[in-house]
Amino acid sequence: MNVEGQQANPAKSGLEGIKTLAISVSSSRLFWTGLALFIILLVDLMISPNFFEIRLVNDRLVGSIVNILDNSAPYALLAIGMTLVIATKGIDLSVGAVMAICAAVAVTLIKQYEAGATEFYYQPGFVILITIGVGAICGLWNGILIAFLNLQPIIATLILMVAGRGVAQLITNGQSPTFTNDTLAFIGRGVVWGVPFPIYIAFVVLIFVTLLVRRTALGLLIESVGVNDRASYYAGIQANAIKVFVYVLSGVCAAIAGMIVAGEVKSADPHKAGLFSELDAILAVVIGGTSLLGGRFYLFLSVMGVLIIQSMLAGLYVSTLHPTTNLVVKAVVVLAVLLLQSPEFRRFISQPFGKLSRRRR
Amino acid sequence: MKSRFIPLLMTFIVFAAMYLFAYSRFSSFGSMRIVGNLLRDNAYWGIAAIGMTFVIISGGIDLSVGSVIAFTGVFCALMIGRNGWEPIPTFIVMLTIGTIFGATMGMLIHYFKIPPFIATLSGLFLARGMAYVLSTDSIRIDHPFYESVSKIVYIFPDKGRFTFAAGAFLIVLFIGIFVAHFTRFGRNVYAVGGNSDAALLLGVPIGRTTVMIYALSSFLATLAGIILSLSKQSGDSTIAVGLELDVIAAVVIGGTLLTGGVGYIIGTFIAVMTLGTIQTYLTLDGSLTPWWIKIVIGVLLFSFVGLQKLLSSRRGLRLFNFGREHNEVQQSA
Amino acid sequence: MTTNPQQMTPLLEVKGLTKTFPSTVALSEVDFTLLAGDVHVLVGENGAGKSTLIKLITGVHRKDAGTILLEGKEIDPRSPRHAQELGISTVYQEVNLIPTLSVAENIFLGRQPLRWGMINMRAVERQAKQLLKDFNVDIDVTRNLSSYSVAIQQIVAIVRGVSLSAKVLILDEPTSSLDHHEVEMLFSVIRSLQARGIGIILITHFLDQVYAIATRITVLRNGKKIGEHLVSELPRVQLITEMLGKELTKDSDEQDENAISKHANSETFLKVNGFARKGTIEPFDLEIRRGEIVGLAGLLGSGRTEVAHLIFGVEQNDKGEAYVNGKPVNIKSPRQAIRHGFALCPEDRKIEGIIGDLSVRENIILALQAKMGWFNYLSRQKQNEFANQMIKALSIATPNAEKPVKELSGGNQQKVILARWLIANPDFLILDEPTRGIDVGAHAEIIQIIKRLANEGKAMLIISSELAEVVEYSDRVMILRDRKKVRELEGNDINENTIMKAIATD
């Protein structure tokens, strides 16, 4: 828009001013993701006026917001691991299956403990450590296939995605075993100072991983490998070790998420535990603005992406809409977000506008 | 033997080995009864796998097939079972919806450069969600047409049954092979997957081909849903969850490279029959638990991807060198 | 069109072609004429404008000014496809065909003969075989393209282009990765095309080949046409003079008498004996002392970059051994090279150098950080210090250290990569074309930096096409031709004349 046009039409210049402002603000990712979350929460509030209400019932805070945070916890963990994987230009399809495996391992071991086994590795504390170790091994497998056998990440993790549920069923012998142990259950349903325990876990992992990658060189090196792994190799970065690391971390996050899900229902369901959660995690990362092409990553925004998805689902839950519309709404929101992120689509949209303004002149 | 046939040969050897092993344990594998059942039971997802083969040869992926199958089943059941539509018009409407659905995904992928993985993931959510919206219950279909279709069957002397579904599967297979190898569209699919930049320079209409590939995949998934609807005589929005994984696995085990450009429809067919054989074997042999099928698929997947890596490593090296020289050319600008 | 009635209408005529990219004039008022049946070679160093000229003729880029005439009629190619429809086919070095389809299918893709709506595969194969036979190439056309050598692939691409009724065939560096026998095979195909009256534009770096096949030569430099000659009338030394833009002088420049002895006493940092890699570079020896600058001269494609990659561990030598400070070393990766105090500023900044999306600061500290390890993170304050110090020391033009490095100009990107290595404090720097594609001011600054680093006692190996530059800073010059070390010059012998002669003559 040229200067003469502005003078001729002050109304339009106001519009331009807003546009300029919008462009400068739009460079802030936090703003946009935050705005999306805000709008969704606002819609939720309109649907249900007492959406933000939080009550204390039996020493536990109760309310939609608490539910959103509680439900978000396992997805937030997956999204944290997935963010780093995607930052290296990779993808981890196996996290849902790894959740199922880890849930199966934890529950199977804890059942031995409940049955009176006294070996130290059946102690609840060790069971948790072993489960995390199993998640790390799953990640290690993925990482080795990708870094050293040079398989495409999507194929390498597809193998574990397919076989993983079979492995989980093998561990539980096809059953969905239940348990009563309080320690393991606490991970999924414990309450501390009125707040569900999974929220603490997700928060602590988020802070820990953020510190791990931002207070060490890891974050920089991960981004470097994701943007240009050849140039990184020339600069002496061990790209392979970085890749193995992010998949191991993703496996560990999946293991913790698996224990949360198992603890919540005091059972391990090898079919349903973590089903489709890899897709939700990838989605949250993409909504949070980390590109599937690798490079810059945003851990907090990925977690915010999870909150966006969960707030949307919570809103649908309290609305009069039938809960069956969940997936449809999700698909529509995903498409909207993806299209808005696509430069080709923005060009496509701006073309008719361009024509319109010319005609008006 | 040309090197490009080696993966196909491996697929066949694995199938033959599995089948012979199964035969050695259960002599019924020698009868037409098992063969007929294999074709019938695996027809619906085999048809979807043929569509997926085109997608993967072109270098893409389609995660939506399982959901499309479920949506088709529910749509047909609702329209025929509840609303009293005639089956044939319902199928035509459904196939049109499915094709448009796929074409839309293809357009998102080509024109808006949304990665196939993500575009078809939203397709997965949408189709499954629409299925839930239509109905969350299983709906029975009682219609004379369904009855008569179930009576279309050729019975072998040993009482093996060659059903309508099996016939449809084989027809789609032959048409798939024909389209892949003897039409310009089919060859363009291979060209796009082999090197899409070069294909563009060689005059391949990339956009149209991409849209058609995803339309074809959804069309076949819809057809698969119809076949399943006919054999189950019901529609259920929770069926075929995660089926896309088995389909993708079958395509890879069938010798199609996930990197695109190389693959055979017949290989996919053999792989579908291989997985079907394993499934049947595990069912007959009670001692092996059914979840082994997933682990076996995983192991097969790993072996085939490993084999492909091995076969392509020399070629991969050369491609890498191409890349380097390509850079030099650009530099001399 | 014919100004000279004795001359026939040129097949392709280009007049005053100009193309400007945001930062540089890539091509400036270039005239070019191609006659039917001619093999017209385009030569010039990097950035001379050869590729830009080709891309304008084939519609990859659109021209800013000038005219393109094909058989006397003005054309305006919009895309490579459009150019091909007009009769201009191009075969690139990195063969633009589908490796996973058969030879026959590649020739007929998109225009396969049909019978009853289906592709008549037998006709495709029969016709493809015949087309290739016309050029005395008898191969199994049903096999995958990728199963054949690059030479055959290029011939297949040529056959495809020609069978689309091409009048003009452009061959962009077709011989770079071919061996002697394959080049002969390709040339015989080119000769038979010549006999059919097709006009051929050939880009090559190999002067022997220029003299073997060309009828006419056009020399480009810095986007301008320097000269057009019949190959029979152009001596080799004159060709190189025109390419590199230096006049041969009778007397060699006086050099500093002490040049030879300047570093004689300083200790040897790197010594390689008989380093070689099959198909990449023939065995060579090299010794570099601390504080010494060794220039690496040779035309593009002579093996310059390969020498750097071999030393830096990007590629492994299959013969010979290396010594650092007198101790034998076996360097298998850049990381190991860096541990021994090496550093490499690569030729291709975009692909091998910068991490585009990351900031100037992050790019600068990257190598040092990689060396220090994952958990020994430089504090943000330290990072800022390093970055600002380097921005100042190398006068990197950037508003601040947080700007993504991809938004800087080429010269400043080069400085950022230099800065990356300087803060890692290497003993030995390899610079591959450090001054290419950057403006004059930055150019002079980088030369100053190079000299300063040598004075600080760093061993340096510098690859450059700019002979004046090489002469200016080198203590010794190693000269490569056709992937072979042909000479090493020292002291007074280092001048542009001797270097050019060494590059040109056998």
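Treat the numbers as computed from the prediction; the structure is a model and nothing was measured.

## With respect to the overall build of chain A
Phase 1 of the analysis: Scanning chain A from terminus to terminus reveals 16 helices and four strands.
Phase 2 of the analysis: For chain A, buried positions account for 54% of its 361 residues.
Phase 3 of the analysis: Pairs at least 24 residues apart make up 76% of the contacts formed inside chain A by residues separated by at least 6 positions.
Phase 4 of the analysis: Working note: accessible area of chain A is about 16,000 Å², and carbon and sulfur atoms make up 67% of it.

## A closer look at the overall build of chain B
Phase 1 of the analysis: A tally of helices and strands in chain B yields 13 helices and four strands.
Phase 2 of the analysis: Its C-alpha radius of gyration of 21 Å places chain B within 12% of the 20 Å reference for a compact globule of 333 residues.
Phase 3 of the analysis: Projected onto its principal axes, the C-alpha positions of chain B cover 70 × 50 × 35 Å.
Phase 4 of the analysis: Sequence separation of at least 24 residues holds for 78% of the intrachain contacts in chain B that already meet a minimum separation of 6.
Phase 5 of the analysis: Within the structure as shown, chain B displays about 12,900 Å² of accessible surface, and the carbon and sulfur contribution to it stands at 68%.
Phase 6 of the analysis: Placing the 22 positive and 14 negative side-chain charges of chain B at their respective mean positions leaves the two points 8 Å apart.

## A few points about the interface of chain C and chain A
Phase 1 of the analysis: Chain C puts 33 residues into the contact, and the matching count from chain A is 25 residues.
Phase 2 of the analysis: Where chain C abuts chain A, roughly 2,300 Å² becomes buried across the two surfaces, and 67% of that area is made up of carbon and sulfur atoms.
Phase 3 of the analysis: When the area that chain C buries against chain A is broken down by residue, the three leading residues are C:Glu352, C:Trp374 and C:Tyr377, summing to 30%.
Phase 4 of the analysis: For the pair chain C and chain A, the number of links is two salt bridges.
Phase 5 of the analysis: With a closest N to O distance of 2.7 Å, A:Arg296 and C:Glu362 form a salt bridge.
Phase 6 of the analysis: At the junction of chain C and chain A, the tally comes to nine residue pairs in polar contact (both at pLDDT 80 or more).

## Considerations on the nonpolar core
Phase 1 of the analysis: Among the nonpolar cores identified, the biggest contains 364 residues, and B:Ile69, C:Leu132, C:Phe342, C:Phe428 and C:Ile499 are the most heavily contacted of them.
Phase 2 of the analysis: If near-sequence neighbours (up to four positions away) are discounted, C:Leu132 is found in contact with C:Val103, C:Ile107, C:Val137, C:Ile139, C:Val141, C:Ile155, C:Val156 and C:Val159.
Phase 3 of the analysis: C:Leu12, C:Ala83, C:Ile203 and C:Leu220 belong to the second largest nonpolar core, which has 24 residues in total.

## What about the packing of aromatic side chains?
Phase 1 of the analysis: One pass over the full model with this rule turns up 25 aromatic pairs over all chains.
Phase 2 of the analysis: With centroids separated by 6.4 Å and ring planes inclined at 70°, the aromatic side chains of A:Trp193 and A:Tyr200 adopt a geometry described as edge-to-face.
Phase 3 of the analysis: Here A:Trp193 falls in the exposed class, since its relative accessible area comes to 75%.
Phase 4 of the analysis: Pairwise contacts between aromatic rings join A:Phe186, A:Trp193, A:Phe197 and A:Tyr200 into one cluster.
Phase 5 of the analysis: Note that A:Arg214 overlies the ring of A:Phe297, its terminal NZ or CZ placed 4.2 Å from the centroid.
Phase 6 of the analysis: In this arrangement the basic side chain of B:Arg187 is found over the ring face of B:Tyr190, its NZ or CZ atom lying 4.4 Å from the centre.

## A word on the pattern of salt bridges
Phase 1 of the analysis: If you walk through the whole model with that rule in mind, you get 33 salt bridges over all chains.
Phase 2 of the analysis: Two residues, B:Arg140 and B:Asp142, come together in a salt bridge whose shortest N-O distance is 3.7 Å.
Phase 3 of the analysis: Linked through salt bridges whose partners overlap, the residues forming this network are C:Arg289, C:Glu292, C:Arg476, C:Lys485 and C:Glu488.

## So, unusual backbone geometry
Phase 1 of the analysis: The phi dihedral of A:Lys266 is positive, around 50°, even though this residue is not glycine.
Phase 2 of the analysis: With respect to the element layout, A:Lys266 can be found in the loop between α12 (239-265) and α13 (277-287).
Phase 3 of the analysis: Backbone geometry places C:Glu433, a non-glycine residue, at a positive phi of 50°.
Phase 4 of the analysis: Relative to the elements of secondary structure, C:Glu433 occurs in the loop between β19 (428-432) and α16 (440-455).
Phase 5 of the analysis: When its relative accessible area of 3% is taken as the criterion, C:Glu433 is described as buried.

## Some remarks on the side chain of A:Thr210
Residues and elements named next belong to chain A.
Phase 1 of the analysis: Here Thr210 is to be found in helix α9 (residues 197-214).
Phase 2 of the analysis: Accessibility expressed as a relative area gives 16% for Thr210, which makes it buried.
Phase 3 of the analysis: Other than its neighbours up to four places away in sequence, Thr210 contacts Val205, Arg215, Leu299 and Phe300.

## Notes on the confidence of the model for chain A
Phase 1 of the analysis: This prediction gives chain A a mean pLDDT of 82; 88% of its residues lie at or above 70.
Phase 2 of the analysis: Predicted confidence in chain A is weakest over helix α1 (residues 3-8) of chain A, with a mean pLDDT of 38, and strongest over α12(A), with 93.

## Side note on the sheet that holds strand β16 (residues 319-324) of chain C
Residues and elements named next belong to chain C.
Phase 1 of the analysis: Here four strands make up an open sheet; going across it, the order is β14-β13-β16-β17 and the pairing antiparallel. Looking at which strands have only one partner, the edges of the open sheet turn out to be β14 (281-289) and β17 (327-329). Taken over all neighbouring pairs, the strand axes of this sheet differ in orientation by 20° on average, direction set aside.

## So, the confidence of the model for chain B
Phase 1 of the analysis: Looking at chain B as a whole, the pLDDT averages 84, with 91% of positions reaching at least 70.
Phase 2 of the analysis: For this predicted complex, the interface confidence score (ipTM) comes to 0.78, while the overall pTM stands at 0.79.

## A short note on the side chain of C:Ser464
All names here are of chain C.
Phase 1 of the analysis: Here Ser464 lies in the loop between β20 (459-463) and α17 (467-473).
Phase 2 of the analysis: What makes Ser464 buried here is its relative accessible area of 0%.
Phase 3 of the analysis: Engagement of the side chain of Ser464 in a polar contact is seen with the side chain of Glu469, the distance being 3.3 Å.
Phase 4 of the analysis: Discounting residues that sit within four places of it in the chain, Ser464 has contacts with Leu296, Ala297, Arg304, Glu433, Thr435, Glu469, Val470 and Tyr473.

## Examining the environment of A:Tyr233
Residues and elements named next belong to chain A.
Phase 1 of the analysis: Checked against the element boundaries, Tyr233 lands in helix α11 (residues 229-234).
Phase 2 of the analysis: Residue Tyr233 is classed as partly exposed on the basis of its relative accessible area, which comes to 32%.
Phase 3 of the analysis: Through-space distance from the C-alpha of Tyr233 to that of Tyr113 is 48 Å; in sequence the pair is 120 residues apart.

## Topic: helix α18 (residues 496-504) of chain C
Because each turn of an α-helix spans 3.6 residues, side chains separated by three or four positions in sequence point in the same direction.
Residues and elements named next belong to chain C.
Phase 1 of the analysis: In terms of burial, α18 is largely enclosed, as seven of its nine residues are buried.
Phase 2 of the analysis: Three or more residues of α18 are buried, namely Glu496, Asn497, Ile499, Met500, Ala502, Ile503 and Ala504.
Phase 3 of the analysis: Contacts from the buried residues of α18 go to α8 (236-244), β15 (293-297), α17, β21 (476-481) and β22 (484-490).

## What about the packing of α9(A) against helix α14 (residues 299-318) of chain A?
All names here are of chain A.
Phase 1 of the analysis: The N-to-C vectors of α9 and α14 enclose an angle of 155°; their axes lie 10 Å apart at closest approach. Taken as axis vectors, α9 and α14 run roughly antiparallel relative to one another. Across the interface between the two elements, Leu206, Ile207, Val209, Thr210 and Val213 of α9 pack against Leu299, Phe300 and Val303 of α14.
Phase 2 of the analysis: Classifying every residue of the contact of α9 with α14 by side-chain character gives seven nonpolar, one polar and no charged.

## Structural notes on a nonpolar patch on the surface
All names here are of chain A.
Phase 1 of the analysis: A grouping of Phe38, Ile39, Leu42, Val43, Leu45, Met46, Ile47, Phe52, Tyr317 and Val318 is seen on the molecular surface, where their side chains present a nonpolar patch of about 950 Å² in accessible area.
Phase 2 of the analysis: Of all the elements in the fold, those that place two or more residues in the nonpolar patch are α3 (29-47) and α14.
Phase 3 of the analysis: Among the elements that line the nonpolar patch, the one with the most residues is α3, at seven residues.
Phase 4 of the analysis: As for its position among the elements, Leu45 is in helix α3.

## With respect to the sheet that holds β20(C)
All names here are of chain C.
Phase 1 of the analysis: With mixed pairing, six strands are arranged side by side in an open sheet as β18-β19-β20-β15-β21-β22. In this open sheet, the two strands that pair with only one neighbour each are β18 (342-345) and β22. Averaged over all pairs of adjacent strands, the angle between strand axes in this sheet comes to 15°, irrespective of strand direction.
Phase 2 of the analysis: Inspection of the sheet shows β19 paired to β20 by five bridges, in the parallel sense. The partner of Leu431 across the bridge, within β20, is Ile462.
Phase 3 of the analysis: The strands touched by helix α15 (residues 410-422) are β18 and β19; relative to β18, the strand with the most contacts, the crossing angle is about 175°.
Phase 4 of the analysis: Strands β15, β21 and β22 of the sheet are contacted by α18, whose axis makes an angle of about 25° with β21.

## A few points about the pairing of β20(C)
Residue and element names in this part refer to chain C.
Phase 1 of the analysis: In terms of burial, β20 is largely enclosed, as five of its five residues are buried.
Phase 2 of the analysis: Pairing of β15 with β20 involves four bridges; the strand directions are parallel. Paired with Val294 across the strands is Leu461, a residue of β20.

## Here we look at the state of the cysteines
Put plainly, two cysteines are in a disulfide when a covalent bond ties their sulfur atoms together.
Residues and elements named next belong to chain A.
Phase 1 of the analysis: Within this structure, the stated rule accounts for zero disulfides over all chains.
Phase 2 of the analysis: Cys102 takes part in no disulfide bond, and the closest cysteine sulfur to it belongs to Cys138, at a distance of 5.6 Å.
Phase 3 of the analysis: Among the residues examined, Cys102 registers a relative accessible area of 0% and is labelled buried.

Criteria and cut-off values
Residues numbered from 1 in each chain as written. Chains lettered and ligands numbered in written order. Predicted model: local features only at pLDDT ≥ 70, side-chain atom pairs only at ≥ 80, totals over all residues. Heavy atoms only, no water. Helix = DSSP H or I, 4+ residues; strand = E, 2+ residues; numbered from the N terminus. Buried < 20%, exposed > 50% of the residue type's maximum accessible area, 1.4 Å probe, protein only. Contact = heavy atoms within 4.5 Å. Areas by Shrake-Rupley, 256 points an atom, 1.4 Å probe, with all protein chains shown as cover. Rg over C-alpha atoms; globule rule 2.2 N^0.38 Å. Lys, Arg positive; Asp, Glu negative; His and termini not counted. Charge placed at Lys NZ, Arg CZ, Asp CG, Glu CD. Buried area = accessible area lost by both parts, 1.4 Å probe. Salt bridge = Lys/Arg side-chain N within 4 Å of Asp/Glu carboxyl O. Polar contact = N/O pair within 3.5 Å; in protein donor to acceptor, adjacent residues only side chain to side chain. Core = buried A, V, L, I, M, F, W, Y, C linked by side-chain atoms within 4.5 Å. Phe/Tyr/Trp six-rings, centres within 6.5 Å; stacked < 30°, edge-to-face > 60°. Lys NZ or Arg CZ within 6 Å of the ring centre and 35° of its normal. pLDDT = per-residue confidence, 0-100. Pairing = 2+ DSSP bridges. Axes fitted to C-alpha atoms, helices over the stretch in contact; angles between N-to-C directions. Parallel < 35°, antiparallel > 145°, perpendicular 65-115°, else oblique. Nonpolar A, V, L, I, M, F, W, Y, C, P; charged D, E, K, R; others polar. Patch = residues over 30% accessible without salt bridge, like charges linked within 9 Å, V, L, I, M, F, W, Y side chains within 5 Å. Disulfide = S-S within 2.5 Å.

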